[in-house]
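# Structural characterization, general
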Amino acid sequence: MKKRQFFTLCMFGLCIGAIWAQHIAYINADMELYEDAIQWYFKSIEIDPSNDITYNALGSLYRKLGRFKEAKENYFESLRIDNTYAVTHFNYGNLFYYF
């Protein structure tokens, strides 16, 4: 219950910044609160749409959920922003294993 309250408090502006939102998304995903994690990734992207790492992480979450089209779109956006990020190339390549 305490973890849930922490995330609620963050929604009221106590946790601001794209990196904070991204970390909260990681925590939510780790707790298997996937839809909450997706919303936090969107918040991170809203704050900083040029963060390729957030798109990569969101793509990985979509892949885990079997939402391959959305995963591909996010990996592609990550590579569009920074095509030198090797982790995204790796994840994008692995995505085709699932098709």
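Everything here concerns the structure above.
Residues numbered from 1 in each chain as written. Predicted model: local features only at pLDDT ≥ 70, side-chain atom pairs only at ≥ 80, totals over all residues. Heavy atoms only, no water.

## Digging into the packing of helix H5 (residues 68–81) against helix H6 (residues 86–95)
Contact pair H5 / H6: the axes reach a minimum separation of 10 Å and the direction vectors enclose 150 degrees. Comparing their axes, H6 and H5 come out roughly antiparallel. Two packed elements cross with a definite hand, and for H5 against H6 that hand is left-handed. Across the interface between the two elements, Phe68, Ala71, Lys72, Tyr75, Ser78 and Leu79 of H5 pack against Thr88, His89, Asn91, Tyr92 and Leu95 of H6. For the contact of H5 with H6, the residue count by class is 6 nonpolar, 4 polar and 1 charged. (Axes fitted to C-alpha atoms, helices over the stretch in contact; angles between N-to-C directions. Helix = DSSP H or I, 4+ residues; strand = E, 2+ residues; numbered from the N terminus. Parallel < 35°, antiparallel > 145°, perpendicular 65-115°, else oblique. Left-handed = near helix turned anticlockwise from the far one by under 90°. Contact = heavy atoms within 4.5 Å. Nonpolar A, V, L, I, M, F, W, Y, C, P; charged D, E, K, R; others polar.)

## Let's talk about the nonpolar core
Counting 18 residues, the largest nonpolar core has Ile38, Trp40, Tyr41, Leu58, Leu61, Tyr62 and Ala71 as the members making the most contacts within it. Taken together, the elements giving at least two residues each to this core come down to helix H2 (18–30), helix H3 (34–47), helix H4 (52–64) and H5. Per-element tally for this core: the top contributor is H3, with 6 residues. Apart from residues lying up to four places away in sequence, alanine 71 is in contact with Gly59, Tyr62, Arg63 and Leu95. (Core = buried A, V, L, I, M, F, W, Y, C linked by side-chain atoms within 4.5 Å. Buried < 20%, exposed > 50% of the residue type's maximum accessible area, 1.4 Å probe, protein only.)

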